[in-house]
Amino acid sequence: MDVQSIKVACSSCNLRELCLPMGLSTDEMSKLDSVVSTRRRIKRGTALFNVGDKFTSLYAVRSGFFKTCVTTADGRDQVTGFQMTGEIIGLDGIVSDRHSCDAIALEDAEVCVMPFDQVEELSREFTTLQHHVHKIMSREIVRDHSVMLLLGSMRAEERLAAFLLNLVQRLHARGFSQSELILRMTREEIGSYLGMKLETVSRTFSKFVDEGIIDVKQRYVHIKNTDGLRLIVNPGTCR
């Protein structure tokens, strides 16, 4: 692969508002350009990194969709998250210098490689970047807490409704529709993430269709009644 041909320039990237801090000076942005040096293309179904791999870099998703997963003691894959364009993957490796999960591309994808030692060094130089790295880490902690709440106290309908609302909200922040989406993950992967059996996921999708809340055609989902989904998650909060 010709590395020069895929040289990254954060300063000219239309995703920089999603994965980079706002308010960097021209000089700071230039220094960041020198750190975020290359992109990697990952084919659908292949790993960006695996459990036990040495941690060297964070990865900003430039295009495509990923899932992170771990293998349980009985050999099952447990999905721990789904990552999309503009989100950062690889934070799991910071604690022990080894990755603690697999990151698998759900479609052909491209990531910007950010060598962590250089990101750390640069973040000490300007606090805007350091604050942003802390925000990314904090977001992961909040996400983990949200998933624990999802799995610990919600019924199947609440879990799937919350999942769809979260997904469409993140996609909308990237310029996509507020009501239509293509699911990049399978029903089985959704079930693994939400702690639901495959048949429960399928039955819950069908229930939402019957109630006129969504339309589903294979992986295409049209949310017809967003307030209906919100009411399932938080009864009494919709205006």
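Going by the structure above, here's the rest.
Now for a quick tour of the structure. (Residues numbered from 1 in each chain as written. Predicted model: local features only at pLDDT ≥ 70, side-chain atom pairs only at ≥ 80, totals over all residues. Heavy atoms only, no water.)

**Brief notes about the packing of aromatic side chains**
- Tallying each qualifying case throughout the model produces five aromatic pairs.
- Centroid distance Phe-55 to Phe-116: 5.3 Å. Interplanar angle 55 degrees. Geometry classified as tilted. Placement of Phe-55 in the loop between strand 2 (47–49) and strand 3 (57–63) and of Phe-116 in helix 3 (residues 116–125) is noted, with a sequence separation of 61 residues between them. The exposure classification of Phe-55 matches that of Phe-116, with both residues buried.
- Three or more aromatic residues joined by ring pairs make a cluster, and in this case those are Phe-82, Phe-163 and Tyr-193.
- Stacked on the ring of Phe-205, the Lys or Arg Arg-187 has its end atom at 4.3 Å from the ring centre. (Phe/Tyr/Trp six-rings, centres within 6.5 Å; stacked < 30°, edge-to-face > 60°. Helix = DSSP H or I, 4+ residues; strand = E, 2+ residues; numbered from the N terminus. Buried < 20%, exposed > 50% of the residue type's maximum accessible area, 1.4 Å probe, protein only. Lys NZ or Arg CZ within 6 Å of the ring centre and 35° of its normal.)

**Section: helix 7 (residues 198–210)**
- In this model, helix 7 (13 residues) spans 19 Å end to end at C-alpha, consistent with the 18 Å of a helix rising 1.5 Å per residue.
- For helix 7, the set of buried residues is Thr-200, Val-201, Thr-204, Phe-205 and Phe-208. Viewed end-on, helix 7 has its buried residues packed into an arc of 135 degrees, placing them on one side of the element. Exposed residues lying more than 90 degrees from the buried face of helix 7 are Arg-203 and Asp-210. (Expected span 1.5 Å × (residues − 1). Arc of directions from axis to C-beta.)

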